[in-house]
Amino acid sequence: MDVYEAVTRYYKRYRGEKKIIGKSAEGRNLYAMFTGRHNQAVAISQYAVHAREWITSMLAIGHLRRGVVNGGAWILPLMNPDGALLSQVGIETVSPERREFLIGLNGGESFALWKANAEGVDLNVNFPARWGKGRKNVFSPSPHGYIGSSPLSAPESRALAMFTEEEAPSYTVSWHTKGEEIYWRFHQPFRRAAADKKLAKVISRETGYPLKSTPFSAGGYKDWCVETLNIPAFTVEVGSDEKEHPLGFRDLPEILNKNLDVLAKLNEEICFRR
């Protein structure tokens, strides 16, 4: 079973609050499922925005099954379904009119290391947070790093931004692979940075991952949440850096073991702090 089918099946069976927040470039559903209650801190937790990092979608299902005791969380398991299928299954998962273009960008038919969506846009540099100012940004369609023709030009990043603005979460978490690191900083003023760092340390204590900074990156979802929405936002890189991309089902037990309770712990910290 491919990752999109697995997430779709879970969504259809899910009995809690749920919605489709948009469509991918290829017309696939972008799912959101809610766990917990709306009366306290509510998170948005999004997964698999990079194609080759599709295994994080299975972590999302783990988070839904685990749930949260305090407050609630919107879980968005698969923000880049087209890219995830390209990486996991191959070129036959996209419409025929795109195939020649994508094979040309990729330099071959093996898409295992692909990061972008079906348009060659890297969704995690497509947000209006110092857009186009990142050191590794690319300015034309590419397997990775392309910022898009304008901020939120990709349907997937646009849907995520609109949903985030509508829900006004207390914080967001983005799940990536790999490296076992936590990113939390994006030009916050001192007081906000100090408060956000305390929350990042909650993640660190739970996972054992160190806090890191990425001063030369820009345009990410986490960056946009911090700079535009003025809320804490975190990127968690799961999976050992000693392993090769793409991580797969064999790596899932270790990922779950270290990350399953992160959302519950963050919500507990925020609710207690209030």
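Above: the structure in question.
These remarks concern the structure in this document.

Criteria and thresholds
- Residues numbered from 1 in each chain as written.
- Predicted model: local features only at pLDDT ≥ 70, side-chain atom pairs only at ≥ 80, totals over all residues.
- Heavy atoms only, no water.
- 1 Å grid on protein atoms, 1.4 Å probe; cavity = no way out; pocket = protein on both sides within 12 Å on 5 of 7 lines; lining within 4 Å.
- Points joined across faces, edges and corners; volume = space filled by probe spheres on them.
- Helix = DSSP H or I, 4+ residues; strand = E, 2+ residues; numbered from the N terminus.
- Nonpolar A, V, L, I, M, F, W, Y, C, P; charged D, E, K, R; others polar.
- Axes fitted to C-alpha atoms, helices over the stretch in contact; angles between N-to-C directions.
- Parallel < 35°, antiparallel > 145°, perpendicular 65-115°, else oblique.
- Left-handed = near helix turned anticlockwise from the far one by under 90°.
- Contact = heavy atoms within 4.5 Å.
- Core = buried A, V, L, I, M, F, W, Y, C linked by side-chain atoms within 4.5 Å.
- Buried < 20%, exposed > 50% of the residue type's maximum accessible area, 1.4 Å probe, protein only.

## A look at empty space enclosed by the protein
1) Next: This structure, assessed with the given rule, holds 1 cavity of 30 Å³ or more.
2) Next: Empty space within the largest cavity amounts to approximately 30 Å³.
3) Next: Around the largest cavity sit His63, Arg66, Gly67, Val68, Leu260, Leu263 and Ala264, which together line it.
4) Next: Within the residue set of the lining of the largest cavity, elements represented by two or more residues are helix H2 (56-66) and helix H9 (262-273).
5) Next: For the lining of the largest cavity, a count of residues per class yields 4 nonpolar, 2 polar and 1 charged.

## What to know about the packing of helix H1 (residues 3-13) against H2
1) Next: Orientation of H1 relative to H2, taken along the N-to-C sense of each, is 15°, at an axis distance of 10 Å. Viewed along their axes, H1 and H2 adopt a mutual orientation that is roughly parallel. Here H1 runs over H2; the crossing is left-handed. Facing H1, whose interface residues are Val3, Ala6, Val7 and Tyr10, H2 presents Ser57, Met58, Ile61, Leu64 and Arg65.

## What to know about the nonpolar core
1) Next: Counting 49 residues, the largest nonpolar core has Trp175 and Leu263 as the members making the most contacts within it.
2) Next: Residues Ile44, Leu123, Phe186 and Trp224 belong to the second largest nonpolar core, which totals 28 residues.

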